[in-house]
Amino acid sequence: MKKLSLLGAALLSSSLLLTACSKEEPKKEDTSNSSQEKKEEKTTTQAYNFTVMDKDGKEVKLSDFKGKKVYINVWASWCGPCLREIPELEKVYQKVKAREDIVFLSITSPNDEVFKNQNPSDKSKDVILAKAKELNLTYPVLFDVNDRFLINYGIRSFPSHIFINSDGTIANRFSGSLTEEKLTEELGKMK
């Protein structure tokens, strides 16, 4: 019982110490700018130059699309929200596919040995391609290799969406489903 009381006291004092360390000073209002306009500073992040495979086993790299805006839909064949949004994404693709400045891609992580994914998030390549065909997905379906895409882009949920500007910087990222309207809006914001 005495050990339990000592343990409880130690935990309580530790949590008080952590709470005290996390307190922030009150923020002072910046009054130096008379018009009270705040300039928004945006940091730019260079997109990771991934290498994935297409359905024929050919390597596809982000650098293959240098100078173009790249939209990537990260999905899985078992993911309900992914499957429901694909028709919306396909509508947008049909409207922009003739444009030379925009590239649509989709990436999955199949469990086939050839892709060497240690933590595949999807079924086999054949199952994925059959699901894409069933959904009338016509933009390229690409496959992660050695988990590199999912790891380097920090993909934690499906669907996820990555927008890469023509200069190779990340314009935006979303987790969750996109509508036709939201995808169109985000493509319009890309540089």
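Before going into details, it helps to say that this report is about the structure given with it. Given the structure is predicted, the values throughout are model-derived calculations rather than measurements. (Residues numbered from 1 in each chain as written. Predicted model: local features only at pLDDT ≥ 70, side-chain atom pairs only at ≥ 80, totals over all residues. Heavy atoms only, no water.)

1. Some points on helix 2 (residues 80-96)
- Compared with the 24 Å implied by 1.5 Å per residue over 17 residues, the 25 Å span of helix 2 between its first and last C-alpha is a close match.
- At Ile86, helix 2 shows its largest kink, close to 35°, and the proline Pro87 lies no more than four residues downstream.
- For helix 2, the full list of buried residues reads Cys82, Leu83, Glu85, Ile86, Leu89, Glu90, Val92, Tyr93 and Val96.
- Against the buried residues of helix 2 lie strand 3 (69-74), strand 4 (102-108), helix 3 (125-134), strand 6 (160-164) and helix 5 (180-189). (Helix = DSSP H or I, 4+ residues; strand = E, 2+ residues; numbered from the N terminus. Expected span 1.5 Å × (residues − 1). Bend = angle between axes of the 7 residues up to and from the residue. Buried < 20%, exposed > 50% of the residue type's maximum accessible area, 1.4 Å probe, protein only. Contact = heavy atoms within 4.5 Å.)

2. A short note on the pattern of salt bridges
- The tally for this structure, following the rule as stated, stands at eight salt bridges.
- The salt bridge partner of Glu185 is Lys182, with a shortest N-O separation of 3.6 Å. Linking Glu185 with Lys182, this pair stays in helix 5, spanning three residues, or about one helical turn.
- Overall, Glu185 belongs to the partly exposed group, its relative accessible area being 40%.
- Linking Lys189 and Glu185 is a salt bridge whose minimum nitrogen-to-oxygen distance equals 3.3 Å. Here the residue Lys189 and the residue Glu185 both occupy positions in helix 5, the gap between them amounting to four residues, near one helical turn. (Salt bridge = Lys/Arg side-chain N within 4 Å of Asp/Glu carboxyl O.)

3. A closer look at the nonpolar core
- Judged by nonpolar contacts, the single largest core of 28 residues is most densely connected at Tyr71, Trp75, Phe104, Leu183 and Leu187.
- Broken down by element, this core gets its largest block of residues, seven residues, from helix 2.
- The residues contacting Tyr71, other than those within four sequence positions of it, are Leu89, Val103, Phe104, Leu105, His161, Ile162, Phe163, Leu178, Leu183 and Leu187.
- Phe65, Ile72, Val103 and Tyr153 belong to the second largest nonpolar core, which has 20 residues in total. (Core = buried A, V, L, I, M, F, W, Y, C linked by side-chain atoms within 4.5 Å.)

4. Let's talk about unusual backbone geometry
- Here the bond from Phe158 into Pro159 is cis, since omega is -5°, no more than 30 degrees from zero.
- As for its position among the elements, Pro159 is in the loop between helix 4 (148-152) and strand 6.
- You will see that Lys116, though not glycine, has its phi angle at about 55°, which is positive.
- Lys116 sits in the exposed class, given a relative accessible area of 51%.
- Backbone geometry places Asp147, a non-glycine residue, at a positive phi of 60°.
- Assignment of secondary structure puts Asp147 in the loop between strand 5 (141-143) and helix 4.

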